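Observations on the model geometry
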Amino acid sequence: MILLFRNMGYLCLCTLSVLAFICVLCRSEADKWLYESASCEDLKGVGSFNTTCFLRSDVRLNSDLSIYGTGNLEILPHVSIVCPVEGCLISFNLTGNVKMCQYASIIAGSVIFSATNFTMENNSAINTTALGGPPPSQTSGTPVGYDGAGGGHGGRGASCLKSNHTKFWGGDVYTWSTLSEPWSYGSKGGGKSSESKFGGNGGGRVKLEVIDMINMNGSIVAEGGDGGIKGGGGSGGSIIIHALKLKGFGTISAAGGRGWGGGGGGRISFHCYSIQEDIKVTAHGGFSIGCPGNAGAAGTYFDATLLSLRVGNDNVTTETETPLLVFPTSPLWSNVYVESNAKVLVPLLWTRVQVRGQISLLRGGSIVFGLSDYPISEFELVAEELLMSDSIIKVCGAFRVAVKMLLMWNSKIEIDGGENTIVTTSILEVRNLVVLREHSSISSSTNLGVYGQGLLKLTGYGDTIKGQRLSLSLFYNVIVGPGSILQAPLDDDSSRSMVTRTRCESQTCPTDLITPPDDCHVNNTLSFSLQICRVEDLLVNGLIKGSVIHIHRARTVIVDTNGRITASEFGCRKGIGKGNYSNGAGGGAGHGGRGGSGFFNGRLSEGGDMYGNADLPCELGSGTEGPNESYGHLAGGGMIVMGSIQWPLLWLSIHGSLSADGQSSNIATRNSNGSLIGGFGGGSGGTILIFLQSLTLSENATLSVVGGKGSPLGGGGGGGGRVHFHWSNINVGGEYVPVANISGTLNSSGGAGDDGGHHGEDGTVTGKECPKGLYGTFCIECPVGTYKDVVGSNASLCTACSLELLSYRADFIYVRGGVSQPSCPYKCISDKYRMPNCFTPLEELIYMFGGPWLFSLLLSCILVLLALLLSSLRIKLVGSDCICHSLNSIEQRSHHHLPHLLSLSEVRGTSRVEETQSHVYRMYFMGPNTFREPWHLPYSPPNAIIEIVYEDAFNRFIDEINSVAAYDWWEGSVHSILSVFAYPCSWSWKQWRRRKKIHRLQDYVKSEYDHSCLRSCRSRALYKGMKVGATPDLMVGYIDFFLGGDEKRVDIVRIIEKRFPMCIIFGGDGSYMAPYNLYSDTLLTNLLGQHVPTTVWNRLVDGLSAQLRTVRHGSIRSSLVPVINWMNSHANPQLEFHGVRIELGWFQATASGYYQLGILVVIGDYSFHNMSQSVLLERSTHEYPSKCDSITIKSLKQVQHNQLYMTHALCRRRITGGVNGGLLNGSTLKSLDFRRDFLFPLSHILHNTRPIGCQDTLQLFISIMLLADISVTLLALTQYYWMSLGAFLAVLLISPLSLLSPFPAGFNALFSKGFRRASLARVYALWNVTSLSNIAVGYFCGILYYGFSRFQLPERANMWNARREEDNWWLLPTILLLLKLIQARFVDWHIANLEIRDFSLFSSDPDTFWAYEST
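Rules behind the numbers
Residues numbered from 1 in each chain as written. Predicted model: local features only at pLDDT ≥ 70, side-chain atom pairs only at ≥ 80, totals over all residues. Heavy atoms only, no water. Helix = DSSP H or I, 4+ residues; strand = E, 2+ residues; numbered from the N terminus. Polar contact = N/O pair within 3.5 Å; in protein donor to acceptor, adjacent residues only side chain to side chain. Contact = heavy atoms within 4.5 Å. Buried < 20%, exposed > 50% of the residue type's maximum accessible area, 1.4 Å probe, protein only. Pairing = 2+ DSSP bridges. Salt bridge = Lys/Arg side-chain N within 4 Å of Asp/Glu carboxyl O. Patch = residues over 30% accessible without salt bridge, like charges linked within 9 Å, V, L, I, M, F, W, Y side chains within 5 Å. Areas by Shrake-Rupley, 256 points an atom, 1.4 Å probe, with all protein chains shown as cover. Axes fitted to C-alpha atoms, helices over the stretch in contact; angles between N-to-C directions.

Our next topic: the side chain of Asp537. Relative to the helices and strands, Asp537 resides in strand 39 (residues 537-540). Separated by 2.9 Å, the side chains of Asp537 and Arg555 make a polar contact. Not counting chain neighbours up to four residues away, the residues in contact with Asp537 comprise Tyr476, Asn477, Val478, Arg555 and Thr556.

Time to look at the environment of Ala1290. Inspection of the secondary structure puts Ala1290 in helix 20 (residues 1285-1293). Under the relative-accessibility criterion, Ala1290 is labelled buried at 16%. C-alpha separation for the pair Ala1290 and Cys1341, spaced 51 residues apart in sequence, amounts to 8.1 Å. Each residue touching Ala1290, except ones within four places of it in the same chain, is listed here: Val1337 and Cys1341.

A word on the pairing of strand 10 (residues 110-115). Judged by how many residues are buried, strand 10 sits mostly within the fold: 6 of 6 residues are covered. The sheet contact formed by strand 7 (residues 89-94) and strand 10 spans 5 bridges and is parallel. Opposite Asn93, over in strand 10, you have Ser114 as the bridge partner. Across 6 bridges, the pairing between strand 10 and strand 13 (residues 205-210) is parallel. Its bridge partner being in strand 13, Ile112 is matched across the sheet by Lys207.

Within the element layout of this structure, Ile485 appears in strand 37 (residues 485-488). Separated by 56 residues in the primary sequence, Ile485 and Asn541 have C-alpha atoms spaced 9.5 Å apart. If we ignore the near neighbours within four places in the chain, the residues touching Ile485 are Leu458, Asp463, Thr464, Ile465, Leu543 and Lys545.

Take the pattern of salt bridges next. On inspection of all chains with the given rule, the structure shows 27 salt bridges. A salt bridge links Lys545 to Asp491; its shortest N-O distance comes to 4.0 Å. Separated by 54 residues along the polypeptide, Lys545 in strand 40 (residues 543-546) and Asp491 in the loop between strand 37 and helix 2 (493-500) bring together distant segments of the chain. Lys545 sits in the buried class, given a relative accessible area of 17%. The exposure class assigned to Asp491 is partly exposed, which follows from its relative accessible area of 42%. As a salt-bridge pair, Asp1256 and Arg874 come within 3.6 Å of each other at their nearest N and O atoms. One end of the pair, Asp1256, is in helix 19 (residues 1255-1283); the other, Arg874, is in helix 5 (residues 852-877), and 382 residues separate them in sequence. Since its relative accessible area comes to 1%, Arg874 is described here as buried. Linked through salt bridges whose partners overlap, the residues forming this network are Arg156, Asp172 and Glu321.

A cluster of nonpolar side chains, namely Leu1274, Tyr1281, Leu1285, Leu1289, Leu1293, Ile1294, Leu1297 and Leu1300, defines an oily patch on the protein surface of about 710 Å² accessible area. At the level of elements, helix 19 and helix 20 are the ones that each hand at least two residues to the nonpolar patch. For the nonpolar patch, the element with the highest residue contribution is helix 20, accounting for 3 residues. Relative to the assigned elements, Leu1293 resides in helix 20. Taking the relative accessible area as the measure of exposure, Leu1293 reaches 41% and is therefore partly exposed.

Strand order in the open sheet made by the 3 strands is 66-68-67, with antiparallel pairing throughout. Pairing within the sheet leaves two strands with one partner each, and these edge strands are strand 66 (919-924) and strand 67 (1026-1030). Between one strand axis and the next, the sheet turns by 25° as a mean value, whatever way the strands run. Of the strand pairs in this sheet, strand 66 and strand 68 (residues 1037-1042) are connected by 5 bridges, and their pairing is antiparallel.

With that settled, consider the pairing of strand 2 (residues 52-55). Burial of the side chains of strand 2 is restricted to one face: Cys53 and Leu55 are buried, whereas none of Thr52 and Phe54 on the reverse face is. Counting the residues that bridge the hairpin from strand 1 (residues 45-47) to strand 2 gives 4 residues. Strand direction decides the pairing type here: strand 2 and strand 5 (residues 72-75), joined by 4 bridges, are parallel. Bridge pairing links Leu55 to Ile75 in strand 5.

In structure tokens:
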């Protein structure tokens, strides 16, 4: 806008300059007849005014000088043109350029220059000071009288008679109408006596009319003359400058002259499109010698291009105003500046000050609207911005402001309406922004309205807005900063009484407070004293105080920590419940509670009565009276109303204080002689009425209507006031949101009495009636376990819910919005229970069928029926096992044992007789055939084969076959992993790898090895000298050595005799999966059959294997005793009849401590008791002395017995030339060493037993147990799942799937056929016992979960039906454990029935045992 204005001004200025130049030419032609134009030579110059004239010498004139020409003018340095006559005119009218060099000067009453360009160098000057002619006629610029006052022109002259209470000034202003073209002389100052009638002369006139540019580095002065101490200073003259551009660092001054009273400033007007650099322009008033603080008033500086007026006094202090008269309306001025201690007066009774831009009051500037003697005037100020800094606006009358922005810095707007009640309300309408800073204030002695649409901000300490009545409205945001104040009424008693007198005797709620009009206005008929209306957000960090504070149509009100909204002590001086005073006893005033009675010298004065409506209070607090009016009164609390029924507050947040307390008194009343005559009662608390939706009262915040404290000497305390919260739009049900968050203090107590005075009664704190489910002042939800089905706020309306309707394992729950029906909702105490009965899915299933007992009975019946069905199906598919029979042959027995590899001697196509005759020796592998300790053969060949092998080649063969027998590392790693996660799988893996290993050994000996260790060429050629075999359980491996056909032979009897004594090693290792057994293949049977009948030997093998199956390695000492006894009672008596005897012994001890059990077979007359010890020792020691020393003591503890037992010991000697070991009997068993692994306790659950028969019945029971196991497992998993997902996964996966694997393993074992049945049954048993680890994890999880739950506090301290979950969680795991143990026993019997079909094998009578020999 300013740029556009400047462009328009530039065009106008160019046009005016051209016209002026033409006029000058025309006038020059006319003036030739009126004036005589001087030439360049006349002025002692060189050149011509039509070319260029250089003035080189001073010129002194006594009359006017007029020069014109078409050339240039240059006044050389130090050249002066002087015409010291008042009003003398010097005019230069040239079409060229004019230049005044350094120290050049022109002095005259009037100076006019017309040129194209004008230049003034440093220290050059145009000076018309004190050379002004007479001012215009009919003006009062020159003061009248002999007061020594200054002359007036642009500003009034100062008068030293002026004081704060008088309105004297010197000469007055004139030529306001020619403000843009001032051409008047300044006025003279007044004299102080008839001898000195005048003071200093007025300033002259200067006009520069330049077409292009003025370069101003000198000075243009038109100041008033100095009047000294004998007269006032003259006023400044007039300066007009027309130019396209004005630049430089010079000075332009039309200041008033110095004198007894300073002269007023003159008038300056610029018509310049561009003003550059820093030209100092001043028109300040002259200094007053007689009154230094009251200089002449500032003149005016008008920028005609910008239409901007500036009134500045250059920080010269003055009390004299510069009147501003009528402001133009077309065109409007752009800006008005009042600055630097200038004082402006708008004196008319009605004036509109309107500009297009800003009105700025800066650095002590001030504007006074109206006259204090006529405070009924109305004034308008209209602008874009009103900016004030260290300045003041005073208004006498009513003031209306319409601006977009009001910014105040340490400034004041003071509106004085006098005592006339007809003065209209002052309105400050600021559309965008109002900011007060640094002790700025707006005050009015009458009604004041501040309207806007943006922000109103009182920044900090000392910033205030006060009025008799005050209304702030239409702002988006109002901020009351720390230390700032909004107040209405004013602090004087008359102002307070004027506002409250209509409310102090009435109990009727004013309509404008409860249902105020939509528009916000202020007048004397309204009830409020301070209104904040239609404001979006109100933030209070300072103080808002008043008698009746009304906050209407606001969205949010926030009272910050240091903020206060108070009506304390702003209530009635008397009122309906005023406290009485009688004989020195002052009773407290009443309101929400009765005032406390006063007591003095035994006299009692009743306190004021209680009045008003607690549910909708709208009364001021009452005051108390003294002995008479001279003692004054104590006031009650005022009233604070926020919101309305139609427009409630959205949110009220109080972090500071909101109060309407009654006034307290701390001094006693005294009479005229100073003696005490009693005390005042305290004023009653006022009213706080809030229509709102949400309230926050934070910690350390207060909301109070406290009664005032009674004064000393028996003053009674004032009664408490009333607080009412009228809640709006309380959502109910699921949409309920708490309407209040109360952490601070809400106080309505009565004031304290003093010295016998009674305490005032407490006031009331109420809220709107709450809807169903809510109660109390703040409409909170009824406690859990109660309901409220009526409207009201009393806490007794919340009725306890019936416990009979509360389900088991349930508790009443919190319901948003409270419970509004007698059927109180509840919730199960845990999420794992299901509504409505709070059962787990398992319990729902159980109670669906009538409860635990009926469910158990029904489940049992179903399981039995299913088991019968499975048994029938098994018998149909597999067959019945009821018939007990014994096996007569090796082939038949083999079908009932674990899968095994046949010895190569049993391969078809080989003559068994030939094999028997050519067999030399059976060499057993040492070691348990595990991944840690695989099979291996000793290096030195036994003496039985020493003649048929090459020793070196044999040792190489041992190296090779031991490497073949070793396992790879990964096989052991897989076994270790499976042992941790699935032990039965690790056993199956081990058996599979063993089977692969024996096949590999057989293939190696049969096909890969060239038999180079054998001496027989035939054996080497046919690969028939060695054969590898193993027991069916793959625990014992051996190599059989045979004679070749090309070797030298002796008779068969000698060969057989060399084989004995013979050791036969038991298969198995005494574990559950591999029990000890005597394995006798066809080769052994044929060898022994030459001494013992085959039937006897087979019966012996079956009987001894039956006895060995119950031997457990973990208790081998005790379990071998029955075996030894059986051999002595059943076996040897029968064998000795045939010349054979067997003894139990241990053999082939390894470095790790592992040894193998077996029997030693002796033929003929050999006797261990009669055999020469020296012979045995000689054979052993002579043949293998070094080998004996390598046998570890770890394998067997050395027995130190008497000589009788030493004859039985085979330690440290070779039996039959190759196997180390010892015999076992009742004595040597005590020294037998053994190891127990960490799974030893399981041997009490899983162990091989004797058969019991009744196989079909047993399998039926196993089916029942298996089905029951499945059912209970699923039920237990369901229970743990609803306990927690972690417990469910732990039970199921530790060990992984072990809990579920017994079921498929069990069904597989029951429905299998053939020789693998026993093996599958053992796998089933192994899975069954492995699942015990899952049960142990289940116990641990249960103890952990329910153990910690005992120590957990309930979520609510006042649970209506607190229950702890039942302690029978262990039932299902325990039942499952019992089922597992019973299954284990049944499976042990089942396996025994499968493996032992002949019960006579366990007969204690030898005759009965041998009676079945031929069967």
